[in-house]
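# Structural overview for review
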Amino acid sequence: MNSPQVILSVFGTRPEAIKMFPVIRGLAADPRLESRVCVSGQHRAILDQVLEISGIKPDHDLAVMQPDQTLDALTVNLLTGLGQVMDEEKPDWVLVQGDTATAMCGALAAYYRKIPVAHLEAGLRSGNIHHPWPEEVNRKIIGTIAALHFAPTETAQQALLRENVNPSTVHVTGNSVIDALHWITGTIKQRPELVAGLADVEKRFAGKRIIGVTSHRRENFGGGLEAIAEAIRRLAERNDVAMIFPVHPNPNVRKVMETVLGDCANVALIEPLDYPHFARLLDISTLILTDSGGVQEEAPALGKPVLVMRETTERPEGVEAGTAKLVGTDTDRIVYETERLLDDEGAYAAMARAHNPFGDGQTAQRIVDLFAQTDC
Ligand code: UDP
């Protein structure tokens, strides 16, 4: 019998961990393959929470994050650190996810060693290298290097084919974020104590319609975040709604949100939620305001309208399906679109349809089978 192919999964942030864990669990359970895991620690506490709940134990942990580190310094640290791990592990494949600095440096370090790269969530493009920044360029670099592209949708597959990627290397697998969401929903049903941490804020806002909010994108720093905060402040003047806003640990985000929203009675600025609590927040929300990528995929699967506070999206599938709407970062527009959903039942019903353009929850198994069938 051939020895199993070794797949080294490399990631460093919370959203990568959420999308990677179903695949890593699948790789680890398959006797045809051997799974190794390296985390960069690009996020720390919020990454560790996902590792813990999903039972992933990294074989390597680089802890690359330094306070106020520039992107240049982060890139250098990641590239050298990940390269050393690859020299030690000598994997048959390196698997990266999405578009972070960790994913880009993981792909580049593997390329420098002629190790083939597989890319989970391949082919997302906004068409604008400044939105989202620097992720659009990160994923284009990975797309150039990868030997296997796991595209979540046909739209993503088409984007890769337009860039002359070899069609036989592109596979439409769905997005593993839906596998993760199914898994966490089932886990919460069995262990409701996992979401007990929201009980106080749920009690405080009983009888009000909940709006779940997240906002942390770099390209919204300097102007965009202030405009978003101002929109939330204006919406919070209504007494029939309450905003629950887990604030990203980035100090740029914290400062703006605490200054503008710190004393609003109908806004709960809370610590970032671990994944089970965030799934609960999506579940109790009437609608979602976000600039996050992953949340744009999760909310449609739960039938929750999403207003996307960004100028462009690399996830047009939700917009095309009518469950997501791009509203940008203009204060008046955000307030107008939110109030329309709150006050116009028809407008709300048109968006609040459970729809799953991003996957059927079987993505991880498809990917495991593709690895097992592909000789490198
Ligand atoms: N998420 C979480 N806790 C939070 C906010 C988000 O667990 O307080 C999860 C959410 O379920 C989604 C992912 O984190 O799967 C999205 O991450 P983020 O918005 O940080 O990154 P992006 O998707 O924009 O890259």
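Predicted model, so just to flag it, every value in this text is computed and none were measured.

### Details of the site of the ligand
- Close to the ligand lie 15 residues, the nearest being Leu 273, Ser 292, Gly 293, Gly 294 and Glu 298.
- Within the contact set of the ligand, an oxygen atom lies 3.0 Å away from a side-chain nitrogen or oxygen of Arg 217.
- One of the side-chain N or O atoms of Glu 298 is found 2.5 Å from an oxygen atom in the ligand.
- Relative to its unbound accessible surface of 540 Å², the ligand loses 93% to contact with the protein.

### Structural notes on the packing of aromatic side chains
- Within the structure shown, the criterion is met by 5 aromatic pairs.
- Residues Phe 21 and Trp 183 carry aromatic rings whose centres are separated by 5.2 Å and whose planes lie at 70° to one another, so their mutual orientation is edge-to-face. Taken together, the residues span a long stretch of sequence, with Phe 21 in helix H1 (residues 14-29) and Trp 183 in helix H7 (residues 176-190) at a distance of 162 residues.
- Under the relative-accessibility criterion, Phe 21 is labelled buried at 2%.
- On the numbers, 5.7 Å between centres and 70° between planes, the contact of Trp 93 with Phe 371 is edge-to-face. You can see Trp 93 sitting in strand E4 (residues 93-97) and its partner Phe 371 sitting in helix H16 (residues 363-373), a full 278 residues away along the chain. Across this residue pair, the class does not change: Trp 93 and Phe 371 are buried.
- Here the aromatic cluster, defined as three or more aromatic residues joined through ring pairs, consists of Phe 21, Trp 183 and Tyr 275.

### Points about the sheet that holds strand E3 (residues 60-61)
- The 7 strands lie next to each other as E3-E2-E1-E4-E5-E6-E7, forming an open sheet whose pairing is parallel. The open sheet has two free edges, formed respectively by E3 and strand E7 (170-172), since each of these has just one partner strand.
- The pairing of strand E2 (residues 33-39) with E3 spans 2 bridges and is parallel. By the bridge assignment, Cys 38 is partnered in E3 with His 60.
- Those strands touched by H1 are strand E1 (5-11), E2, E4 and strand E5 (117-120), and its axis lies near 165° from that of E1.

### So, the sheet that holds strand E11 (residues 287-290)
- The strand order across the open sheet built from 6 strands is E10-E9-E8-E11-E12-E13, with neighbouring strands paired in parallel fashion. Edge positions in the open sheet fall to strand E10 (267-270) and strand E13 (324-326), since each of these has one partner strand only. The mean inter-strand angle of the sheet, taken between neighbouring strand axes irrespective of direction, is 20°.
- In the sheet, strand E12 (residues 306-308) pairs with E13 via 3 bridges, with the strands oriented parallel. The residue bridging Val 306 from the neighbouring strand is Ala 324, located in E13.

### Quick word on the pairing of strand E6 (residues 148-151)
- Alternating positions in E6 separate into two faces, Leu 148 and Phe 150 on one and His 149 and Ala 151 on the other, with burial throughout.
- One ladder, built from 3 bridges, connects E5 with E6; its direction is parallel. Residue Ala 118 lies in a different strand from E6, and its bridge partner there is Leu 148.
- Pairing of E6 with E7, which is carried by 3 bridges, proceeds in the parallel orientation. When the bridges of E7 are listed, His 149 appears paired with Val 170.
- Following the chain from E6 across helix H6 (residues 154-162) to the adjacent parallel E7, one finds a crossover that is right-handed.

### Describing the UniProt feature "domain: UDP-N-acetylglucosamine 2-epimerase" (unreviewed entry) in the chain
- Taking the numbering used here, the UniProt-annotated feature "domain: UDP-N-acetylglucosamine 2-epimerase" (unreviewed entry) corresponds to residues 27-370.
- Along residues 27-370 the backbone is 47% helical and 15% strand, and the end-to-end C-alpha distance reaches 11 Å.

### Observations regarding H7
- Given a rise of 1.5 Å per residue, 15 residues ought to cover 21 Å, and the 21 Å separating the end C-alpha atoms of H7 matches this to within 8%.
- For H7, the full list of buried residues reads Ser 176, Val 177, Ile 178, Asp 179, Ala 180, Leu 181, Ile 184, Thr 187 and Ile 188.
- Contacts made by the buried residues of H7 are with H1, helix H2 (45-54), E5, helix H11 (275-284), helix H12 (293-301) and H16.
- A side-chain oxygen of the first residue of H7 lies 2.9 Å from the backbone nitrogen of Val 177; this N-cap is Asn 175.

### Considering empty space enclosed by the protein
- Counted according to the given criterion, the structure contains 1 cavity of 30 Å³ or more.
- Taken as a whole, the largest cavity encloses approximately 30 Å³ of empty space.
- If you go around the largest cavity, the residues you meet are Gly 98, Asp 99, Glu 121, Leu 124, Arg 139 and Arg 315.
- Its residues assigned to classes, the lining of the largest cavity comprises 1 nonpolar, 1 polar and 4 charged.

Rules used in this analysis
Residues numbered from 1 in each chain as written. Predicted model: local features only at pLDDT ≥ 70, side-chain atom pairs only at ≥ 80, totals over all residues. Heavy atoms only, no water. Near = heavy atom within 4 Å. Polar contact = N/O pair within 3.5 Å; in protein donor to acceptor, adjacent residues only side chain to side chain. Areas by Shrake-Rupley, 256 points an atom, 1.4 Å probe, with all protein chains shown as cover. Phe/Tyr/Trp six-rings, centres within 6.5 Å; stacked < 30°, edge-to-face > 60°. Helix = DSSP H or I, 4+ residues; strand = E, 2+ residues; numbered from the N terminus. Buried < 20%, exposed > 50% of the residue type's maximum accessible area, 1.4 Å probe, protein only. Pairing = 2+ DSSP bridges. Contact = heavy atoms within 4.5 Å. Axes fitted to C-alpha atoms, helices over the stretch in contact; angles between N-to-C directions. Right-handed = clockwise from strand over helix to strand, strands pointing away. UniProt positions renumbered as here; feature names shortened; annotations may be inferred. Expected span 1.5 Å × (residues − 1). 1 Å grid on protein atoms, 1.4 Å probe; cavity = no way out; pocket = protein on both sides within 12 Å on 5 of 7 lines; lining within 4 Å. Points joined across faces, edges and corners; volume = space filled by probe spheres on them. Nonpolar A, V, L, I, M, F, W, Y, C, P; charged D, E, K, R; others polar.

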